[in-house]
Amino acid sequence: MIEYENLLKVNQDAFDEYREAFDRVLKSGWYILGEQVKNFEQAFSAYCNTRYCIGVANGLDALILSLKALDLEPGSEVIVPSNTYIATILSIVHNGLQPILVEPDINTYNIDPSLIEEKITSRTRAIMVVHLYGKLCNMEAIRAIAFKHDLKIIEDCAQAHGASYHETRAGNWGDLGAFSFYPTKNLGALGDAGAVTCNDEMLKNKIANLRNYGSSVKYHNEDIGFNSRLDELQAALLSIKLKRLDHINSHKRSLAHLYLNGLKEDFIKPVVQEGYFDVYHIFNIRHPKRDALKEYLLKHGIKTEIHYPIAPNKQPAMKEVLHDQPSPIAELIHSTTLSLPISYFHTTDDVSRVIEIMNCY
Ligand SMILES: *Cc1c(COP(=O)(O)O)cnc(C)c1O
């Protein structure tokens, strides 16, 4: 059996360091917003080449607090790709804002810059881009549009730790970058965790405030805040994992290249473009008979996943919010996409086996 994911195997080579870190945090007697969080924030902002990083409780909160920090008037419109994970859209809705769907480019699965301007109205205030599957969006084109129309940019970097475009990493292209460290992400914690990156000191202070009851001085509340703190233990573990991130990404990239070179042309493979450094959080292919293919692979002992089976505009929860925003390209992707095993623990033999079975389909 070739598993799709196995978090025990993903973390195994860091166990000794994790145990040592757990001991260190345990014995410190300080468990919330201390040295460990500060250290991780410094290390991760250095990694992303941003001035600031603020640790928060999870990726959804990183998105919610990023939008909150921009202080947009209620009912403002935020442009977002129609094929994203639901969290991106939830962050807009939870801020009392209106998501405006823009379809992805069918080749990159990322928001199509050429379709953005027709969706801009007098109420549009921000573009929330998503670097889906670990590939950056065309940020030069998106930045030009945002500059022209005076829009803010928030990057959903939950799948793109260490990915870059023209040497600039995810989290350093927009006004704010929102990261998730959910255990399955390329940089994964042993529980929930997230962070926001930015280069603006005021935005940094605002987010640091919002994550901690809207307070920068104890018992003085300047903003209507949240409790969304990254805890010391997860921060200590993430600092250990961060040192391995480039190695994790390069392993996933080498597995991806095996797939790209080995899979027959019946499968629509991810595009590789000049200037883009993709980190393959997910390796997806598309096939018109996706469900039968998934079944066939399972029969041959290969587990796969679908990211994602239902487009946001078809989700019951979004009936009111997105009901009049059809997204045929997103629906085409959702009905044909299949994610192949590409975790850190998979070997080249595992991937060769998947390729062999797939090419007999
Ligand atoms: C995982 C993910 C999130 C949410 O992260 P959580 O830490 O689970 O809240 C948001 N956006 C995208 C694109 C994701 O993949």
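Every value quoted in this text rests on a predicted model; they were computed, and no experiment measured them.

What counts and what doesn't
- Residues numbered from 1 in each chain as written.
- Predicted model: local features only at pLDDT ≥ 70, side-chain atom pairs only at ≥ 80, totals over all residues.
- Heavy atoms only, no water.
- Helix = DSSP H or I, 4+ residues; strand = E, 2+ residues; numbered from the N terminus.
- Polar contact = N/O pair within 3.5 Å; in protein donor to acceptor, adjacent residues only side chain to side chain.
- Near = heavy atom within 4 Å.
- Areas by Shrake-Rupley, 256 points an atom, 1.4 Å probe, with all protein chains shown as cover.
- Domains from an automatic or database assignment.
- Buried area = accessible area lost by both parts, 1.4 Å probe.
- Salt bridge = Lys/Arg side-chain N within 4 Å of Asp/Glu carboxyl O.
- Nonpolar A, V, L, I, M, F, W, Y, C, P; charged D, E, K, R; others polar.

**A short note on the side chain of Thr337**
Part 1: Along the polypeptide, Thr337 turns up in strand β12 (residues 337-340).
Part 2: Engagement of the side chain of Thr337 in a polar contact is seen with the side chain of Asn284, the distance being 2.9 Å.

**What to know about the site of the ligand**
Part 1: The local shell around the ligand consists of Asn58, Gly59, Leu60, Tyr85, Ala87, Val130, Asp156, Ala158, Gln159, Ser180, Tyr182 and Lys185.
Part 2: One nitrogen or oxygen atom from the main chain of Leu60 is found 2.8 Å from an oxygen atom belonging to the ligand.
Part 3: Asp156 is positioned such that a nitrogen or oxygen atom in its side chain is 2.8 Å from a nitrogen atom of the ligand.
Part 4: For the ligand, whose accessible area on its own is 380 Å², the fraction buried by protein is 90%.

**What about the domain arrangement of the protein?**
Part 1: The assigned domain composition of the protein is domain 1 (7-102 + 111-242) and domain 2 (245-358).
Part 2: Each of domain 1 and domain 2 has a C-alpha centre, and these two points are 24 Å apart.
Part 3: It is Tyr133, Lys135 and Asn186 in domain 1 that bury the most area against domain 2; as a group they hold 26% of the surface buried on that side.
Part 4: One salt bridge in this structure joins Asp278 and Lys135, with 2.9 Å as the shortest N-O distance.
Part 5: For the pair domain 1 and domain 2, the number of links is 20 residue pairs in polar contact (both at pLDDT 80 or more).
Part 6: Contributions of two or more residues to the side of domain 1 that touches domain 2 are made by α1 (7-11), α5 (86-94), β3 (98-102), β6 (164-165) and α8 (232-242).
Part 7: A per-class count over the side of domain 1 that touches domain 2 returns 18 nonpolar, 13 polar and 6 charged.

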